[in-house]
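Here are the chains, one letter per residue:
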Amino acid sequence: TVTTSPEALRQRAYDALAAARARTALLTDCVDDGELTAQHSPLMSPLVWDLAHIPNQEEQWLLRAVGGRAALWPEIDPLYDAFQHPRATRPSLPLLSPREARAYAAEVRDRVLDLLGAARLEGDPLVDAAFAFGMVAQHEQQHDETMLITHQLRRGPAALSAPEPPRPADDAAGLPAEVRVPGGPFTMGTSHDEEPWALDNERPGHVRSVPAFFIDTVPVTCGAYRRFVDDGGYRDPRWWAPEGWAQIRRHGIGAPLFWRYEGGQWLRRRFGVVEPVPDDEPVLHVSWYEADAYARWAGRRLPTEAEWEKAARYDPVSGRSRRYPWGDAEPTPDHANLGQRHLRPAPAGAYPAGASPLGVRQLIGDVWEWTASDFLPYPGFVAFPYREYSEVFFGPGHKVLRGGSFAVAPVACRGTFRNWDLPVRRQIFAGFRTARDAG
Ligand code: AVJ
Ligand code: FE
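These lines cover the structure that appears in this document, whether it is placed above or below.

Calculation rules
Residues numbered from 1 in each chain as written. Chains lettered and ligands numbered in written order. Predicted model: local features only at pLDDT ≥ 70, side-chain atom pairs only at ≥ 80, totals over all residues. Heavy atoms only, no water. Donors = N, O, S within 2.8 Å, 3.2 Å for Na, K, Ca; no water. Tetrahedral: all angles 85-135°; square planar, octahedral: opposite > 155°, others 65-115°. Helix = DSSP H or I, 4+ residues; strand = E, 2+ residues; numbered from the N terminus. Buried < 20%, exposed > 50% of the residue type's maximum accessible area, 1.4 Å probe, protein only. Pairing = 2+ DSSP bridges. Axes fitted to C-alpha atoms, helices over the stretch in contact; angles between N-to-C directions. Contact = heavy atoms within 4.5 Å. Near = heavy atom within 4 Å. Polar contact = N/O pair within 3.5 Å; in protein donor to acceptor, adjacent residues only side chain to side chain. Areas by Shrake-Rupley, 256 points an atom, 1.4 Å probe, with all protein chains shown as cover. Nonpolar A, V, L, I, M, F, W, Y, C, P; charged D, E, K, R; others polar. Core = buried A, V, L, I, M, F, W, Y, C linked by side-chain atoms within 4.5 Å. Expected span 1.5 Å × (residues − 1). Bend = angle between axes of the 7 residues up to and from the residue. Salt bridge = Lys/Arg side-chain N within 4 Å of Asp/Glu carboxyl O.

1. Description of the coordination of the iron ion (ligand 2)
Around the iron ion (ligand 2), the protein contributes the donor atoms His53 (NE2), His139 (NE2) and His143 (NE2), which lie 2.1 to 2.2 Å from the metal centre. Taken together, the four donor atoms coordinating the iron ion (ligand 2) and their angles of 90 to 172° define a geometry best described as irregular. Donor residues for the iron ion (ligand 2) sit on one chain with the sequence pattern H-x85-H-x3-H. Here His143 lies in helix α5 (residues 131-153) and His53 lies in helix α3 (residues 47-66), a separation of 90 residues in the sequence. In terms of burial, His53 and His143 fall into one category: buried.

2. Here's the deal with the sheet that holds strand β12 (residues 435-437)
Each strand in a sheet pairs with another by means of backbone hydrogen bonds, the pair being arranged parallel or else antiparallel. In space, the three strands of this open sheet follow the order β1-β4-β12, with antiparallel pairing throughout. The sheet is open, and its two borders are formed by β1 (178-181) and β12, each paired with just one other strand. Put simply, the sheet's adjacent strands are angled 20° from each other on average, direction ignored. Bridge count for strand β4 (residues 213-216) against β12 is three bridges, and the pairing is antiparallel. Within the sheet, the bridge partner assigned to Phe214 lies in β12 and is Arg436. Those strands touched by helix α9 (residues 305-313) are β1, β4 and β12, and its axis lies near 75° from that of β4.

3. A short note on the sheet that holds strand β9 (residues 395-402)
Taking strand neighbours across the sheet as the criterion, the four strands line up as β10-β9-β8-β11 in an open arrangement whose pairing is mixed. Across the chains shown, the open sheet's two edge strands, defined by having one partner strand only, are β10 (419-421) and β11 (430-431). Note: strand β8 (residues 368-375) against β11, two bridges, orientation parallel. Its bridge partner lying in β11, Glu369 is registered against Gly431.

4. Remarks on the site of ligand 1
Lining the immediate environment of ligand 1, one finds His139, Gln142, His143, Tyr389, Asn419 and Trp420. Separating a nitrogen atom of ligand 1 from a side-chain N or O atom of His139 is a distance of 3.1 Å. At 3.2 Å from a nitrogen atom of ligand 1 is found a side-chain nitrogen or oxygen belonging to His143. Compared with its free state, where it exposes 350 Å², ligand 1 has 72% of that area covered by protein. For the shell around ligand 1, the secondary-structure elements that each account for two or more residues are α5 and β10. Tallying contributions element by element places α5 first for the shell around ligand 1, with three residues. A class-by-class count of the residues in the shell around ligand 1 yields two nonpolar, four polar and no charged.

5. Here we look at the nonpolar core
When a protein is soluble and globular, its nonpolar side chains tend to lie buried together. Counting 120 residues, the largest nonpolar core has Phe133, Leu148, Tyr225, Trp240, Trp370 and Phe432 as its most contacted members. For this core, the element with the most residues is α5, which contributes ten residues. Ignoring sequence-local partners within four residues, the contact set of Phe133 consists of Ala13, Leu17, Leu62, Val112, Leu115, Leu116 and Leu121.

6. Some details on α3
Note on helix geometry: an α-helix contains 3.6 residues per turn, so any two residues three or four positions apart are oriented the same way. The terminal C-alpha atoms of α3 lie 28 Å apart, and with 20 residues this matches the ideal 28 Å at 1.5 Å per residue to within 8%. Of all bends in α3, the biggest is about 30°, found at Glu59. Counting buried residues along α3, 17 of its 20 residues qualify, which places the element largely inside the surrounding structure. Phi turns positive one or two residues past the end of α3, at Gly68, with a value near 70°.

7. What about the pattern of salt bridges?
Overall, the coordinates contain 43 salt bridges when judged by the stated rule. The residue Arg226 makes a salt bridge to Asp279 at a minimum N-O spacing of 3.0 Å. Here Asp279 lies in the loop between β7 (273-276) and α8 (288-297) and Arg226 lies in helix α6 (residues 222-230), a separation of 53 residues in the sequence. Assessed through its relative accessible area of 21%, Arg226 is described here as partly exposed.

Have a look at this one:
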């Protein structure tokens, strides 16, 4: 089911690298140098940090690790090591200027394309099926999503624009609120044979069993979430995990990030524009604690990570797990809202062609979905190619998110893809859906 000819893989790698670079340019050419070097929020790096971190990682993994070349500019490595400098302190580092960062990125990319043209794409796990090239394209796209979060946090007039997402499907109003997923085993995770560019934490594939459960057909909408807010949900400790209650009290939180109540209605700020909160759109910018509290208020719970993946991939007819809810084919604009094609989630009930075999919608794209689960390794996990991608984050401190937002590129999104973050995090493009036991 997956492309395997070396020429097709080489082309796929070229295309993935080019798409990532075009998006990086889109995100950074629309603002001036002052905006690139400013810190728009202590939660984020200045954009110019990402602009040079991207080629620095590309140089380390492709030119040095795969190509065996010497470092182009070894003294800058520590500046762009995410573990050495927290985001809040990055503006005070002697970073490359926007012009230097762009020149560095172009020089690295020129050499990478020469390397890709000449590399034998087999024999070593780093180059097998162009893995390292795919990993680097995914890395750039992940930082593009991070830069889009910085755009959302930035004050001032909009710098980006995009067409509106599709309307809900004709049958959306008649969809059942929830779907029953049968109990029993299914295959969770994947392998490099099935998914050549899967990252280490998605592997290995293994059998999991989950009891039967019900899961929401679509993500929780702003309209549903507003009822929780209006019902006093943020003032009642019954719904909240103790640490979540402490966070909302400490910071005076009473609604999703970017929402405000004004003139008798809920408004939100979205990429520099203030607009009424749209009732039919999946809710965004809630922490894990807010998602958990809403679910408890609604008499439900968050799905576990295994439940989410079974709902997304399990085909009850064949018994096998698909690459995506709709099948094994790569995402098209008919399947899912991905790649920053739109600057918002599509309304609940859109993308009927992207539904899972059991009829669950919008699992891929629109909003990252918080799950109940801690970020943990699968049985047999092996860190590859570096511990700092996944392994150092395993543990109860991070919760898993699944499915990908409108800001995730197709290359960094699939039924097995795992994201994670702190349960207090709100600026990411995260929402959720709820579940309940069927028994
Ligand atoms: C997987 C999205 C949590 O952005 O912190 C980027 C991805 N890792 N550079 C992050 C990543 C190294 C990572 N997440
Ligand atoms: Fe990075």
